[in-house]
Amino acid sequence: MHGDFLSTAGLSRDELESLIESALRFKSGTDQSKPLAAKSVALVFFNPSLRTRASMQIGVYELGGNAVVLEPGGTSWTLEHREGAVMDGDKTEHVAEFVRVLGRYGVAIGVRTFAALKNWDEERTDPILNAFAKYSDVPIINLESAMHHPCQAMADMMTVREKLGSGRKRVLLTWAWHPKPLPMAVPNSFALAAAQMGHDLLIAQPKGYELDDELISETRKHAGAAGGSVTVLNDIDEAFDGAEVVYAKSWGSRKFYGATEKDIAERAQYRSQWIVDEGKMARTNSAIFMHCLPVRRNVIVTDGVIDSPSSVVIDEAENRLHVQKAILKELIH
Ligand code: CP
């Protein structure tokens, strides 16, 4: 692995396996190396976070380094990312200077920049993340952009490996009702990484809530190359049959992108049915329940499921720490 860590798409199966092995060594304590000794990493958060922020800050510290957290528009200046912008509005600093200055202080920059859920054609190209990558002289780590959350996906794949062993699994990614539309980065990255790891991926979602066409096409290609498969279903109950992993997530409809109220009205019909509950979990092959968190209890998943022994959400969150240490070690050596 070299350069930036923006998505898992550019990594080979061997590289993904190697990151998971490295993360498992950090978790078991067999790797206590300090590749960031006397080095600093900047962590830039345009959006809120618990897991990503805490696990990155602590991970950098455990690797011997120092993390500097910046929040553009809060603890640092408001940021412009568009090329050629005439900056006579509310943006004070351009990404061009911001990242090159940070690159003089530290060895890597992590950035979180969510989809604004306003303009799909623009946001699917990850303009802010790519501006960071374009101007930076040091590696950029994607801490969740409009399209991808690769650190989460790596922790997810590590958790599947840890709980179920290596090999092909029947993995269900299911949409769930949520009171408002959410970004697609987590389901995109989960689907992609599951396919890259050769799993049999089922994506269950109501009609009109399809993931990005190009992402699905890329996911199918990876699944084919890795010996897995991708199936898309619109029937949530049938989707649970025989699943070994149930991964719940809500996301917004591309059809109603930029029209939040329309999406909210459309999704209302799915409220009672599109929830992970005990009845659906009983149809699985003793599946583990996964979610990236934060999760709305009794909306996305019932208390009975998230509090059951099949729920691995806390281990999954813990694995963010170990896998990000593996990513940092690989990028900075
Ligand atoms: N899963 C995840 O990225 O959590 P945070 O949004 O709290 O960082």
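Everything numeric here is computed off the predicted structure, so don't read it as measured data.

Quick question: what am I supposed to make of the overall build of the chain here?
Within the chain one finds 13 helices and 11 strands. In terms of overall dimensions, the chain is globule-like: its C-alpha atoms have a radius of gyration of 20 Å, near the 20 Å expected for 333 residues. Its C-alpha atoms give the chain principal-axis dimensions of about 55 × 50 × 35 Å. By the burial criterion, 56% of the 333 residues in the chain qualify as buried. Of the accessible surface of the chain, which amounts to about 13800 Å², a share of 49% is contributed by carbon and sulfur atoms. Of the side chains in the chain, 37 bear a positive and 44 a negative charge, and the two mean positions are spaced by 2 Å.

Please explain unusual backbone geometry as it appears in this structure.
Only a minority of non-glycine residues have a phi that is not negative, and only a minority of peptide bonds are not trans. A cis amide bond links leucine 293 with the next residue in sequence, proline 294, at an omega value of 5°. Here proline 294 lies in the loop between strand E11 (288-290) and helix H12 (303-306). At alanine 38, a residue that is not glycine, the phi angle is positive and equals roughly 65°. Along the chain, alanine 38 falls in the loop between helix H1 (13-28) and strand E1 (40-45). Of note in the backbone geometry, aspartate 126 takes a positive phi value of approximately 50° without being a glycine. Mapped onto the elements of the fold, aspartate 126 is located in the loop between helix H4 (120-123) and helix H5 (127-135).

What's the story with the pattern of salt bridges in this structure? I'm lost.
Between side chains of opposite charge, pairing is possible as soon as their charged atoms come close. Counting across every chain of the model gives 21 salt bridges. Here lysine 27 makes a salt bridge to glutamate 162, at a shortest N to O gap of 2.6 Å. Residue lysine 27 is found in helix H1, and its partner glutamate 162 is found in helix H6 (residues 150-164); the two are separated by 135 residues along the sequence. For lysine 27, a relative accessible area of 26% puts it in the partly exposed group. When its relative accessible area of 31% is taken as the criterion, glutamate 162 is described as partly exposed.

Which parts of the structure should I look at to understand the site of the ligand?
If you check the shell around the ligand, you find Ser49, Leu50, Arg51, Thr52, Arg112, His149, Gln152, Cys292, Leu293 and Arg320 and nothing else. The separation between an oxygen atom of the ligand and a polar side-chain atom of threonine 52 is 2.7 Å. Glutamine 152 has a polar side-chain atom sitting 3.0 Å from a nitrogen atom of the ligand. Look at the ligand: alone it shows 250 Å² of surface, and the protein chains cover 93% of it. By residue class, the composition of the shell around the ligand is three nonpolar, four polar and three charged. Both of domain 1 (13-148 + 317-331) and domain 2 (152-314) provide at least three residues apiece to the shell around the ligand.

What exactly am I supposed to notice about the side chain of serine 145 here?
Mapped onto the elements of the fold, serine 145 is located in the loop between strand E6 (140-142) and H6. Here aspartate 126 takes part through its side chain, which lies 2.8 Å from a polar atom of the side chain of serine 145. With residues near it in sequence (within four places) discarded, serine 145 still touches Thr113, Phe114, Asp126, Leu129 and Ala185.

Scoring rules and cut-offs
Residues numbered from 1 in each chain as written. Predicted model: local features only at pLDDT ≥ 70, side-chain atom pairs only at ≥ 80, totals over all residues. Heavy atoms only, no water. Helix = DSSP H or I, 4+ residues; strand = E, 2+ residues; numbered from the N terminus. Rg over C-alpha atoms; globule rule 2.2 N^0.38 Å. Buried < 20%, exposed > 50% of the residue type's maximum accessible area, 1.4 Å probe, protein only. Areas by Shrake-Rupley, 256 points an atom, 1.4 Å probe, with all protein chains shown as cover. Lys, Arg positive; Asp, Glu negative; His and termini not counted. Charge placed at Lys NZ, Arg CZ, Asp CG, Glu CD. Salt bridge = Lys/Arg side-chain N within 4 Å of Asp/Glu carboxyl O. Near = heavy atom within 4 Å. Polar contact = N/O pair within 3.5 Å; in protein donor to acceptor, adjacent residues only side chain to side chain. Nonpolar A, V, L, I, M, F, W, Y, C, P; charged D, E, K, R; others polar. Domains from an automatic or database assignment. Contact = heavy atoms within 4.5 Å.

Honestly, that's just the spatial picture; any functional story needs more than this.
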